[in-house]
Amino acid sequence: MKMITFFIVGLMVHVVFFLSIFDIYFTSPLVHGMTPQRIPLPPPAKRLVLFVADGLRADSLFKPDDNGTFRAPYLRTVIEEAGTWGVSHTRVPTESRPGHVALIAGFYEDVSAVAKGWKENPVEFDSVFNESRHTWCWGSPDILPMFAKGASGDHVYTNTYPPEREDFASTDASRLDTWVFDEVKAFLIASKNNKTLLNKLHEEQNVFFLHLLGMDTNGHAHRPMSKEYLENIGLVDAGVAEIVNVMEDFYGHDGKTAYVFTSDHGMTNWGSHGAGHPSETLTPLVVWGAGVQTSQRAVSQNYDDHYLQEWGLEMYRRVDVNQADIAPLMSSLIGVPFPLNSVGVLPLNYLNNSQHFKAESMYANAIQILEQFRVKMAQKKETTILFLFTPYQPLTDSKQMDFVRHARDLIKKGQFDEAIHYCEGLIAQAMEGLSYYHTYDRFFLGSSVVLGFIGWTSYVVLFILKTHASLRKPPTSTHMIAERSLDRTFLFVGLLVTLFLWVQSSPWTYYIYCLLPVPVWYSVIKEFETFAGLIRSIPSLPLSKCFGYFLLVTFGIELLVVSFFYRAMLTLGLIVLSLWPMLSGLYIKAKFSSLSWMLSCLSLAIFPLLPVVGREPNVNYVICAGVLTLFNSSSYLCSSWRRCPLIRRDCQLFIFQMLQVVLCAYTLTSTHSSLHLKQGLPLFNQLVSWFTLASSFFVPLLSSTRLFHRLLSILMSLVCVYLLLSTGYEALFPPVLSWLMFAWISVEQEAINTQEWSNRTELSSIDFAENIDITKIRQLRLDDIRRSYFFVFFIIIAFFGCGNIASINSFDPASVYCFLTVFNPFIMGGLLMWKVLIPFLIVMCTFESIQVSTQLSSRSLFLVVLVISDLMALHFFFLVKDYGSWLDIGTSISHYVIVMSMTIFLMLLSIMTHILTSKRILIRQKRKMHFR
């Protein structure tokens, strides 16, 4: 197989591996075709008012101030006298969209649906709003439209403020909440002069939704412990009290209005959310009004979190729920069918109604979830060969009928408590059955992917041996006959797999995952002679050295895998790496380069021990990073001037870039100072930031093509952008990483010198613009395994050295304030992702320089890197289990996705490098022929 063909095929194979994890673990749980389940008894409330305080933590609402006063006195009174309260437990990712879907639709949106859009509905789902007679919504343009577009008909009305109002630099973000309260009051007043609207408002089963974004915006901008955030809680509390009074006056105090106050997610102390910290997953829930149980005294409560004592609420009964349970609660209160896709369980302790009503509600809840189970089972039965289908034994068709019949009989006999308990058991069984059928094909698909993965990794190893070890002998006639038999065998296997999938009416993606191992293993077995040649050559190999490398690489890969879960392992790895010159003997022959390597490794080892970036902003670190960058650049330029004087154009360019570093450090400090004083983002700072970002892509191209000159120019351009995207100590990370990268290049050059190569090239004379001399490109050696491992290790350091991946997940917008302050998830996410990639690019440029200086084809080293990254990805694939918390499963999957993304990027880079290299070689050959 030609090298370019190999990389293209490898790219396609890795794309399949990358996408497979989503089809296996992140398929949508939604099914359609269920019958709506309605409670046959009259509901206690005619209407419901839902308040969602975006980004409100449970402790921020419930916990008194230091002086003992309450931030939300009205809601505190409701808890103590008029309603029921508790903690709503959210799920990861703790973001606004999945949080609102869980609240209003009763199910946890899968990752693939979340990734398809922010405002649009990527999948059709039912919701309390859709089942209501009319729903009026006020609030953010990022949340409300998705429920209006997901509703059947035109009975969901939205009123949103302009997106420009969502400005993190706003002098008072609580105005977003004031706007909502004012609009609701104006709406009710105006309805008195609109007979049609007034009639709609007095109908039953109406919902009013108030989305309050002020606290989320203030929390991001000023942190949840700030004066702005805490005062916003008081403003919301007063606004809720006013809306309740207005509603009661509007409906003549008829006692038929139910109120629900909650939040979509919490927020960390450093103003971010998205992960699974308790401050993000614990949100408040207060319910009162028609049909709601009033405050109940409690002697003792079985909660081990000690929150009751902190909040001073140990005397009042606390009823915790899962976030999805709120949807069936709202449905029960106003008598609308439960959302068809809801997996929430009705929390009966919130209801103040007869046991008959509670039993009927619980029965409807159980049948609604059982309906989903039936549809899911029917779908799976249709796409599985009958004799291979294994039904969920606790809920076979006959057992379902028995369950439903017995529950109905208990209600008819008036045994309501027994009926409630029985329905709760039925719900638990149906939920387990839903999970069973949802994951029915997981083992089958996972086994196919693993089989393909192992086959591909084996093929890459054989490919390396064949191209660099000259192990394969010329084919004989016997081999040709064996190959023909092999062709027929694998063709038959492929047809058999295709027929099996066709009979089962499997999705087209199943064909890809299940057929991929066939050609992969065909290629592996076809290279049997290469493997046989390796076996024959074992006696001539330095076995002790090979075994030592094997143990080191195995230990190294395990260390990298563990570092994804424990960042401190990266510190251990850097300490071990710092000892390499001592262990290899380089320190004796190149003391200065070795000392630089050791000090830079130890300096970089500090970063994984520090907290994840984004906790507390401190612009002083950014100033220090700018000074360090200038010092490193000046030191290099002074030392470089002695060896090889710079031309005037390069001097001017480096001076410009050094001034740009100073300007960027000033811009960041100026921006944060302006925002702290609530003066907004200065236009000059914004222009400087965007110009710096745009110029970073082409300014390095103006520098000299000498190795160190070009690298220094790239570094300063990237550091300028990184400074603008930094908020604290992470600004120091690129300068220290670059110090280590320059030391790596020097140490590798010294390692080559100690091997006394006849055709080695001095670093000072390497020019990227020179044509490639194919006569100097060498074969792989055992030492190249170490270089490849170093590269993978530094890539992981670049990703996790200061926790930037975590800051992407938690989406802290403070990093992009120099560029924009108006909420825009796509631009902000793109800038934060570029911040993550900058250290990665520094490592990539260094690795390319090492390939040039060591006179090794880049594609050869990439092959070894490919094996290491594939082994890591396979390791993470095995770590993903069907059991455990969603966070545990999601963590392993995210690690797998990171490694596969890195591998795909490297494959793309390899293809581009191969094409450019081939072009240069072709030009060189044409020139030689012309001169002849």
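Source: prediction; values computed, not measured.

Colleague: Give a detailed account of the pairing of strand E5 (residues 206-212), specifying residues and quantitative values.
Modeller: Across the seven residues of E5, seven count as buried, placing the element largely inside the fold. Here E5 shows a buried face lined by Asn206, Phe208, Leu210 and Leu212 and a second buried face lined by Val207, Phe209 and His211. Where strand E1 (residues 47-53) and E5 come together, seven bridges link them in parallel fashion. Across the sheet, Ala53 pairs through a bridge with Leu212, a residue of E5. By the bridge criterion, five bridges tie strand E3 (residues 134-139) to E5 in an arrangement that is parallel. Residue His134 lies in a different strand from E5, and its bridge partner there is Asn206.

Colleague: Can you break down helix H17 (residues 416-438) residue by residue, with the values?
Modeller: Taking 1.5 Å per residue, 23 residues should reach 33 Å; H17 reaches 32 Å between its end C-alpha atoms and fits that length. The set of residues buried in H17 consists of Ala419, Ile420, Cys423, Leu426, Ile427, Ala430, Gly433, Leu434 and Tyr437. Tucked into the core, H17 has its buried residues touching helix H15 (355-382) and helix H16 (397-412).

Colleague: Which residues make up the nonpolar core, and what values go with them?
Modeller: Core analysis: the biggest nonpolar cluster contains 145 residues, and Trp597, Phe791, Phe793, Phe794 and Met872 have the highest contact counts within it. Of the residues forming this core, the biggest block, 14 residues, is contributed by helix H31 (residues 707-724). With residues up to four places along the chain from it excluded, the contact list for Phe794 reads Leu574, Leu577, Trp597, Leu740, Met741, Trp744 and Val843. Counting 70 residues, the second-largest nonpolar core is a separate cluster that includes Ala105, Val404, Ile420 and Tyr440.

Colleague: Can you tell me about the pattern of salt bridges, naming the residues and giving the values?
Modeller: In total, this model carries 18 salt bridges according to the counting rule given. Where Arg405 meets Asp402, a salt bridge forms, and the shortest distance between an N and an O atom there is 3.0 Å. Of the two residues, Arg405 and Asp402 both sit in helix H16, three residues apart, roughly one turn of that helix. Using a relative accessible area of 41% as the deciding quantity, one classes Asp402 as partly exposed. Among the charged side chains, a salt-bridge network with shared partners connects Asp182, Lys185 and Glu242.

Colleague: Describe the side chain of Asn232, naming the residues involved and giving the relevant values.
Modeller: Mapped onto the elements of the fold, Asn232 is located in helix H11 (residues 227-250). The exposure class assigned to Asn232 is buried, which follows from its relative accessible area of 1%. Sequence-distant contacts of Asn232, defined by excluding residues within four places in its chain, comprise Ser174, Asp177, Gly214, Met215 and Asn218.

Colleague: How would you summarise a nonpolar patch on the surface if you had to cite specific residues and measurements?
Modeller: On the surface, a nonpolar cluster with roughly 290 Å² of combined accessible area is contributed by Phe492, Val493 and Leu496. For Phe492, the location among the structural elements is in helix H19 (residues 477-503).

About the cut-offs
- Residues numbered from 1 in each chain as written.
- Predicted model: local features only at pLDDT ≥ 70, side-chain atom pairs only at ≥ 80, totals over all residues.
- Heavy atoms only, no water.
- Buried < 20%, exposed > 50% of the residue type's maximum accessible area, 1.4 Å probe, protein only.
- Helix = DSSP H or I, 4+ residues; strand = E, 2+ residues; numbered from the N terminus.
- Pairing = 2+ DSSP bridges.
- Expected span 1.5 Å × (residues − 1).
- Contact = heavy atoms within 4.5 Å.
- Core = buried A, V, L, I, M, F, W, Y, C linked by side-chain atoms within 4.5 Å.
- Salt bridge = Lys/Arg side-chain N within 4 Å of Asp/Glu carboxyl O.
- Patch = residues over 30% accessible without salt bridge, like charges linked within 9 Å, V, L, I, M, F, W, Y side chains within 5 Å.
- Areas by Shrake-Rupley, 256 points an atom, 1.4 Å probe, with all protein chains shown as cover.

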